[in-house]
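Take a look at the letters that make up each chain.
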Amino acid sequence: MSPGRDSHSFSRPSQVFVTHCSLNLHASFDQRKLTGTATLRIIRFDAQAPLILDTRDLVIHEVRCADRELQYRIGSHDPILGRPLIIDLPARVNSVRIRYSTQPHATGLQWLNSEQTAGKKHPFLFSQNQSIHARSWIPIQDSPGVRIT
């Protein structure tokens, strides 16, 4: 359960490992963006380590654990990998909830207008996360070595 270092990810799953992600998102087809929360369940192998997640062009509004707001920072930008989201974890925390929104140009999301669909009545949204595009719409450990429910 402790994958090796992935050079295409900022995450450190050998220190803090995401095991489950629950999404509660609203899709705005007019704005071509998702807004909502990702709740991540974690296992901590290093009690002092922060949770480091991959993001690309996400707007982070808030990070919480239960009723407590957590300190976080966004790391330096890499043109391919995006930016790390670094969350400081208090003792005994085993989940975090991140309130965020995507950008219209999120590379992991494909927005189709109703004219582009078979029935031409309803718009359609689908995701394509390979190879490192999940980070454009979910703050996550975006590495094939990390499998979550």
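Calculation notes
- Residues numbered from 1 in each chain as written.
- Predicted model: local features only at pLDDT ≥ 70, side-chain atom pairs only at ≥ 80, totals over all residues.
- Heavy atoms only, no water.
- Salt bridge = Lys/Arg side-chain N within 4 Å of Asp/Glu carboxyl O.
- Helix = DSSP H or I, 4+ residues; strand = E, 2+ residues; numbered from the N terminus.
- Buried < 20%, exposed > 50% of the residue type's maximum accessible area, 1.4 Å probe, protein only.
- Polar contact = N/O pair within 3.5 Å; in protein donor to acceptor, adjacent residues only side chain to side chain.
- Contact = heavy atoms within 4.5 Å.
- Pairing = 2+ DSSP bridges.

Asks: For this particular structure, what's the right way to read the pattern of salt bridges?
Replies: When the charged atoms of two side chains with opposite charge come close together, those side chains can pair. If you walk through the whole model with that rule in mind, you get five salt bridges. A salt bridge links Glu62 to Arg99, with the nearest nitrogen and oxygen atoms 3.6 Å apart. Taken together, the positions of Glu62 in strand 4 (residues 59-65) and Arg99 in strand 8 (residues 95-101) put the pair 37 residues apart, joining distant regions of the chain. With a relative accessible area of 18%, Glu62 lands in the buried category. Residues Arg73 and Asp88 are paired through a salt bridge, measuring 3.2 Å at the closest nitrogen-oxygen approach. Of this pair, Arg73 sits in strand 6 (residues 72-74) while Asp88 sits in the loop between strand 7 (83-87) and strand 8, and the two are 15 residues apart along the sequence.

Asks: Help me out: how do you make sense of the side chain of Ser101 in this one?
Replies: Considering the arrangement of structural elements, one finds Ser101 in strand 8. With a relative accessible area of 4%, Ser101 lands in the buried category. Of note is the side chain of Ser101, whose polar atom sits 3.1 Å from the side chain of His61. Aside from chain neighbours lying at most four places away, what touches Ser101 is Leu34, Thr35, Leu58, Val59 and His61.

Asks: Even after reading the chapter, I still don't get the environment of Leu58, so can you show me in this structure?
Replies: With respect to the secondary-structure elements, Leu58 resides in the loop between strand 3 (51-55) and strand 4. In the structure, Leu58 is positioned 79 residues away from Trp137 in sequence and 6.9 Å away in space, judged by C-alpha atoms.

Asks: Just to check I follow, could you spell out the sheet that holds strand 8 for this structure?
Replies: Hydrogen bonds along the backbone pair up the strands of a sheet, which may run parallel or antiparallel. The five strands lie next to each other as 1-2-8-4-5, forming an open sheet whose pairing is antiparallel. Because the sheet does not close on itself, it has two edges, and the strands there are strand 1 (16-28) and strand 5 (68-69). For strand 4 and strand 8, the ladder comprises five bridges, and the chain directions are antiparallel. From the neighbouring strand, Glu62 faces strand 8, where its bridge partner is Arg99.

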